[in-house]
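Residue-level listing of the chains:
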Amino acid sequence: MREKWSSRSAFILAAIGSAVGLGNAWRFPGLAAKYGGGAFIFVYFIAMIIIGIPLLMMEISVARHTRLGAPGSMRTLRKGSEGIGWIAVSNSIFVSIYYAAVFAWIIMMFFMSYKFMGLTGNTEAASTLWLDTVKATGDFSGFDIISWPVFGCLILAWVLCYVCIRNGTTTVGKVVKFTVSLPVICLVIMAFRGLMMPGAMEGFAKLFIPDWTALADSNLWVDAIGQVFYSLSTSMAVMFAYGSFLSSDSNVVTDTVIIAFADMFISLLAGIVMFTTMAGTGMLGDMSASGISTAFIIYPQAIVKISDSSVFNMIFAFIFYFCLITLAIDSLFSMVEGASTAISDKFHLNKKKTTLALCINEGIASLIFVTGAGVAILDTVDYFINSYTLIMTGVAEMITAGWFFKTTKILDEINRNTGKFKAPSWWFIPSIRIISPAVLIGLIIWNIITLLKSGGIYGAADGYPLWANIVFGWCIIILSIMSGLIVKLVVKIRSSKGFTEDDRSWDDAGYS
Ligand code: PHE
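Residues numbered from 1 in each chain as written. Predicted model: local features only at pLDDT ≥ 70, side-chain atom pairs only at ≥ 80, totals over all residues. Heavy atoms only, no water.

Draft legend 1. Spatial organisation of the nonpolar core. Counting 186 residues, the largest nonpolar core has I106, F296, Y321, L324 and F333 as its most contacted members. The element contributing the most residues to this core is helix α5 (residues 82–111), with 20 residues. In this view, I106 contacts L22, W26, F296, Y321, L324, I325 and A328; residues no more than four positions away in its chain are not counted. (Core = buried A, V, L, I, M, F, W, Y, C linked by side-chain atoms within 4.5 Å. Buried < 20%, exposed > 50% of the residue type's maximum accessible area, 1.4 Å probe, protein only. Helix = DSSP H or I, 4+ residues; strand = E, 2+ residues; numbered from the N terminus. Contact = heavy atoms within 4.5 Å.)

Draft legend 2. Region of the structure containing the packing of aromatic side chains. For the structure shown, the criterion picks out 36 aromatic pairs. The interplanar angle of 75° and the centroid separation of 6.3 Å between the aromatic rings of F45 and F261 together place this pair among those described as edge-to-face. Of this pair, F45 sits in helix α3 (residues 38–66) while F261 sits in helix α12 (residues 252–280), and the two are 216 residues apart along the sequence. A relative accessible area of 35% places F45 in the partly exposed class. (Phe/Tyr/Trp six-rings, centres within 6.5 Å; stacked < 30°, edge-to-face > 60°.)

Draft legend 3. How the structure looks around the packing of helix α1 (residues 8–19) against α12. With their axes 9 Å apart at the nearest point, α1 and α12 run at an angle of 35° to one another. Relative to α12, α1 is oriented so that their crossing is right-handed. Contacts from R8, F11, I12, A15, I16 and A19 in α1 reach T254, D255, I258, I259, A262 and D263 in α12. Looking at the contact of α1 with α12 residue by residue, the classes come out as 8 nonpolar, 1 polar and 3 charged. (Axes fitted to C-alpha atoms, helices over the stretch in contact; angles between N-to-C directions. Left-handed = near helix turned anticlockwise from the far one by under 90°. Nonpolar A, V, L, I, M, F, W, Y, C, P; charged D, E, K, R; others polar.)

Draft legend 4. Spatial organisation of a positive patch on the surface. A grouping of R166, K174, K177 and K352 is seen on the molecular surface, where their side chains present a positively charged patch. Within the secondary structure, K177 sits in helix α8 (residues 169–196). (Patch = residues over 30% accessible without salt bridge, like charges linked within 9 Å, V, L, I, M, F, W, Y side chains within 5 Å. Areas by Shrake-Rupley, 256 points an atom, 1.4 Å probe, with all protein chains shown as cover. Salt bridge = Lys/Arg side-chain N within 4 Å of Asp/Glu carboxyl O. Lys, Arg positive; Asp, Glu negative; His and termini not counted. Charge placed at Lys NZ, Arg CZ, Asp CG, Glu CD.)

Draft legend 5. Up close: the packing of α5 against helix α6 (residues 123–134). Running from N to C, α5 and α6 point in directions that differ by 120°, and their axes come no closer than 11 Å. In terms of axis orientation, α5 runs oblique to α6. For the pair α5 and α6, the crossing hand works out as right-handed. For the pair α5 and α6, the contacting residues are W105, M108 and M109 in the first and L129, W130, T133 and V134 in the second. Residue classes in the contact of α5 with α6 are distributed as 6 nonpolar, 1 polar and no charged. (Parallel < 35°, antiparallel > 145°, perpendicular 65-115°, else oblique.)

Draft legend 6. Examining the site of the ligand more closely. In the neighbourhood of the ligand, 15 residues make up the surrounding shell, with A19, L22, G23, Y99 and Y230 lying closest. S233 is positioned with one of its side-chain polar atoms (N or O) 3.2 Å from a nitrogen atom of the ligand. Isolated, the ligand exposes 330 Å² of accessible area, and the fraction of that covered by the protein chains is 100%. Every element with two or more residues in the shell around the ligand is listed here: α1, α2 (22–34), α10 (218–231) and α14 (310–347). The residue makeup of the shell around the ligand, split by class, is 7 nonpolar, 8 polar and no charged. (Near = heavy atom within 4 Å. Polar contact = N/O pair within 3.5 Å; in protein donor to acceptor, adjacent residues only side chain to side chain.)

Draft legend 7. A look at the environment of S6. Following the sequence through the fold, S6 ends up in the segment before α1. Along the chain, S6 and R494 lie 488 residues apart, while their C-alpha atoms are 34 Å from each other.

Draft legend 8. Quick peek at the side chain of E59. Mapped onto the fold, E59 is located in helix α3. We note that E59 is buried and unpaired, the nearest opposite charge coming from R2 at a distance of 14 Å. At a separation of 3.0 Å, a polar atom in the side chain of E59 contacts the main-chain amide nitrogen of S235. Those residues in contact with E59 that sit more than four places away from it in its chain are T234, S235, M236, M239, F240 and E397.

Draft legend 9. Looking closely at unusual backbone geometry. Phi at R67 takes a positive value of approximately 55°, unusual for a residue other than glycine. Phi at S235 is positive, roughly 65°, even though this residue is not glycine. Here S235 falls in the buried class, since its relative accessible area comes to 0%.

Draft legend 10. Broad picture of helix α17 (residues 407–414). Among the residues of α17, T407, I410, L411, E413 and I414 are the ones counted as buried. Buried residues in α17, looked at end-on, bunch into an arc of 160°, giving them a common side. In this structure, the buried side of α17 is in contact with α3, α4 (70–77), α12, α16 (374–403), α18 (425–453) and α20 (506–509). (Arc of directions from axis to C-beta.)

Draft legend 11. Just the environment of I319, in detail. Positionally, I319 belongs in helix α14. Taking the C-alpha atoms as reference points, I319 and I298, 21 residues apart in sequence, are found 16 Å from one another.

Draft legend 12. Looking closely at α6. Within the sequence span of α6, burial applies to A126, S127, L129, W130, T133 and V134. The buried side chains of α6 occupy one side of the element, clustering within an arc of 155° when seen end-on. Along α6, exposed side chains directed more than 90 degrees from the buried face belong to E124 and D132. Along its buried surface, α6 packs onto α5, α7 (148–165), α13 (291–303) and α16. Of the residues one or two after α6, K135 is the one with positive phi, at around 55°.

Draft legend 13. Representation of the state of the cysteines. Overall, the coordinates contain 0 disulfides when judged by the stated rule. Cysteine C153 remains unbridged, with the sulfur of C161 as its closest cysteine sulfur at 15 Å. C153 sits in the buried class, given a relative accessible area of 8%. Free of any disulfide, C323 has its nearest neighbouring cysteine sulfur in C186, separated by 4.8 Å. (Disulfide = S-S within 2.5 Å.)

Okay, here's the thing in structure tokens:
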């Protein structure tokens, strides 16, 4: 018997927990600041409706039907597409390895929040708190420098992750009640404080009033579409896994719309927090599009200027980093859950043991981020995965569903048990078959051209060398693409010991 969500809300909250993460808290406000506030939000909203929601619906409903994780679901659509599912699993594995490192930095800042006590007005000291503790060199040197506080927090991060998912849907369903509601409460508290600050309205206006001239910047379009992708947690194995635990009478259309709108709402709420506090502390112009510097270098400077009371500022720091902890943890564990579901489905393994093995191995791999080179490595891996592999996986999934499988069957599955509110075919079919793949392929080409124009080396301006781009960028992409072949090899070895692969067609996999 396949595990199931204990209730409809358990599934919705788990999916929201995965979607809502650091991308909402800092990437979204940073991009809005960079691209004319409301103008960016407008494009983001349109991309969500045309590209994001159809893909999310497809992933969840196909997995509900097949009751399998990403590779099994893709295999059911078309045998040769199983490899696409494994690329999605690789995405989850690679992203979770560095997401855990960011999570560890957040935990560390949470523990260090008491230090804000004596720093009122001292922006200089606030800006170096994180940097001094992580001992980052800023480039690819310093593999022998180890930050022990980060090391400790990283172990804690993986232990927390394992504890949350050790019993699959049973534990996840309980944890997400807290990890989804607590950050919303924290954000509302911070938004109130932000809105009460003198000058806050200037920030509010900057966030919502569109500067339409920004639409002429092609990078706005690229970043808005990329953000939709990252934010909804699609193209990873996550939404397949979560969808596969649904019962056949669930309502995919309404649930997906709730998930996507909750994700957008929380991005806007985080935007209000960021823009009003920054405006209130006179730092609106300092907002950066880079999430890491916002959370660890710029925002700490705003914290020490939030009020004249040391204690108040310290409490604010605790709330801020606590909020980030609760935002990040359910995104992190969703990725591990996505990978462990896929692997245990394929090889008929005990899921709990698979989860433990994944946490241990990924934990070991993430140790690279406790070294002095950690920040530069993270920056590189993050760029390559987000600009290429994630989007490529999405395109491949949609082409399989749109061209190699009868797309109307998927639409029927989406619209099963939905009552009146159905996904219209004039919206879903053209999106999956033509519009989204075309836009996304354009996006990848655009990213490649931009990279080549900058000399073909990501981070060249920061002094990143070519070898680092190859090792932490291209090699990871190639490894992801080859993951399907690696799995095939393992299947071959195992079949000599009597292992047989599951093979079900769409019609067989259906509900009896
Ligand atoms: N959606 C998450 C965020 O916005 C990141 C994430 C991506 C989590 C993919 C899981 C899978 O932070």
